[in-house]
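Take a look at the letters that make up each chain.
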Amino acid sequence: MALQVVSMKEVRLALIGCGKAASRHRRLFREMPGVRVVAVSDLNPDKARDFAEDLRSAWYTDWREMLERHPEIEVVDIAVPSGLHARVALPVMREYRKHVLLEKPIALLLDEAREMVDTAEALGLKLVTVYQNRFNLPVKLVREALLSGLFGKPVLFSARFYWCRRQDYYDSAAWRGTWALDGGALAQQGAHHVDMLRWLGGEVESVYAEMATRLNRLEAEDLLVGTIRFKNGALGTIEATTCARPRDLGAELVLLGEKGSARLGGFAMNELTHLAFENGGPPGEEVEAHRRNPEDPLGFAHRECLRAALRYFSGEPPDPRLCLGREALASLELIQALYESAERGEPVRFPFTPEKSRLGKGV
Ligand SMILES: NC(=O)c1ccc[n+]([C@@H]2O[C@H](COP(=O)([O-])OP(=O)(O)OC[C@H]3O[C@@H](n4cnc5c(N)ncnc54)[C@H](O)[C@@H]3O)[C@@H](O)[C@H]2O)c1
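Given the structure is predicted, the values throughout are model-derived calculations rather than measurements.

Criteria and thresholds
- Residues numbered from 1 in each chain as written.
- Predicted model: local features only at pLDDT ≥ 70, side-chain atom pairs only at ≥ 80, totals over all residues.
- Near = placed C-beta within 6 Å.
- Helix = DSSP H or I, 4+ residues; strand = E, 2+ residues; numbered from the N terminus.
- Nonpolar A, V, L, I, M, F, W, Y, C, P; charged D, E, K, R; others polar.
- Pairing = 2+ DSSP bridges.
- Domains from an automatic or database assignment.
- Contact = placed C-beta atoms within 7 Å.
- Core = buried A, V, L, I, M, F, W, Y, C linked by C-beta atoms within 7 Å.
- Buried ≥ 20, exposed ≤ 12 C-beta atoms within 10 Å, placed from the backbone.

## Quick notes on the site of the ligand
Argument step 1. Taken together, 24 residues form the shell around the ligand, and within it Gly-17, Gly-19, Lys-20, Ala-21 and Glu-103 come nearest.
Argument step 2. Element by element, the count of residues in the shell around the ligand is highest for helix H1 (residues 20–31), at three residues.
Argument step 3. Residues of the shell around the ligand, tallied by class, amount to 12 nonpolar, seven polar and five charged.

This is the structure we're talking about:
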């Protein structure tokens, strides 16, 4: 049988923000077929120039000038501080009519995120948020088992990460750990774990959380512990901290159902450490093939996520693991609810309006 080669249309992309997260995109885009980075921009000319030399692209310090000079750009990849996502993404969509690829979380304020999602839908633009852990191989295995009913009635969805971030991390950029632009362990590092809980556990009825700032000097928290009641009756927990010492301890995701259980570990929920069902389950070869992500210095999950995003931007239907606008909004809603509860000192029931949460306020 002849091998069918489907060539993907080349996506013409521009980057806004040439910092840490973008440097991973840069390395992946440099070696990925199907994408051409036309131009990059950063307020810091040294960063923009450095990216441009590597990607052989044009560079700018003003992203508006970049978009005006390069009408051929189709997709804008935004990796500026979280509290600025909406300020950049909204005009990129409204004024320049570009599709948007956005680093997580979608935004910090719910109203801003809603406006972004509504704008994308109204203008027929694609809006994808990078939640790469959805592309971990064991996550795929477990989610498929969940969707096929193998776990039976859901009981518990639990996520935790114990990572080490010291003061030098918080001091490395003025926006880190601030309520206006970042948030703490939950909104920054924990956005991935919250997204996983929401994606697997579904709609939320109520949450309760406590938070503290224990080992680092930052405006927001470096420790948050929360509980979640899902609409399907299951409970959930989240433990988010950057206070693990002397080094990272890893992250964990646990699913319990009436007919089965799963546990994922590793640094980023990228290793299957337990899977058992009362009856059946995926075949052994399939479990082995999904036990852990392949070794990949550039990050297997990030690569898969960006590839899937490019396929979507080039006209293919979205991979079900891509986090599209409404899901990214739901994931931010859960982050905001946990902060709102921690600030109020009481449970928060959905739907709710953040009143006391400081996340995203004060820009
Ligand atoms: N998916 C992940 O695992 C992951 C990992 C790290 C960070 N992130 C996300 O990526 C985003 C950026 O984080 P980071 O760690 O790369 O931050 P960073 O500080 O390293 O980079 C941000 C860059 O944006 C630039 N910038 C700010 N305002 C700009 C503007 N108006 N125009 C152009 N450039 C501008 C800054 O000069 C800086 O170079 C955050 O939203 C963060 O949550 C995601």
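## A look at the sheet that holds strand E4 (residues 75–78)
Argument step 1. The seven strands are arranged E3-E2-E1-E4-E5-E6-E14 in an open sheet whose pairing can be described as mixed. Looking at strand neighbours, the two that pair on one side only are strand E3 (58–60) and strand E14 (323–324), the edges of this open sheet.
Argument step 2. One ladder, built from four bridges, connects E4 with strand E5 (residues 99–103); its direction is parallel. Paired with Val-75 across the two strands is His-99, which belongs to E5.

## Overview of the domain arrangement of the protein chain
Argument step 1. Here the protein chain is partitioned into domain 1 (11–130) and domain 2 (133–293 + 324–349).
Argument step 2. Computed from C-alpha coordinates alone, the two centres of domain 1 and domain 2 are separated by 26 Å.
Argument step 3. In this complex, domain 1 contributes 18 residues to the contact, which on the side of domain 2 involves 18 residues.
Argument step 4. The set of elements that each furnish at least two residues to the side of domain 1 that touches domain 2 consists of helix H5 (110–123) and strand E6 (127–130).
Argument step 5. Among the elements that line the side of domain 1 that touches domain 2, the one with the most residues is H5, at six residues.
Argument step 6. In terms of residue class, the side of domain 1 that touches domain 2 is made up of 13 nonpolar, three polar and two charged.

## Observations regarding the nonpolar core
One broad rule of soluble globular proteins: the nonpolar side chains tend to lie buried together.
Argument step 1. Grouped together as the largest cluster of nonpolar side chains are 114 residues, with contacts concentrated most on Ala-14, Val-40, Ala-309 and Leu-338.
Argument step 2. The element contributing the most residues to this core is helix H11 (residues 325–344), with 10 residues.
Argument step 3. When we break this core down by domain, the ones giving at least three residues each are domain 1 (11–130) and domain 2 (133–293 + 324–349).
Argument step 4. Every residue in contact with Ala-14, bar those within four places of it in the chain, is listed here: Val-38, Ala-39, Val-40, Met-66, His-70, Ile-73 and Val-76.

## Examining the pairing of strand E12 (residues 260–265)
Argument step 1. Every second residue of E12 is oriented toward a common face, the buried set being Gly-260, Ala-262 and Leu-264 and the non-buried set Ser-261, Arg-263 and Gly-265.
Argument step 2. Note: strand E11 (residues 250–257) against E12, five bridges, orientation antiparallel. Across the sheet, the residue bridging to Leu-255 is Ala-262, located in E12.
Argument step 3. Joining the antiparallel neighbours E11 and E12 is a turn of two residues.
Argument step 4. Pairing of E12 with strand E13 (residues 271–277), which is carried by six bridges, proceeds in the antiparallel orientation. Considered in E13, the bridge of Ala-262 is made with Leu-275.
Argument step 5. The loop that links E12 with its antiparallel partner E13 comprises five residues; one of these, Gly-266, has a positive phi angle of about 85°.

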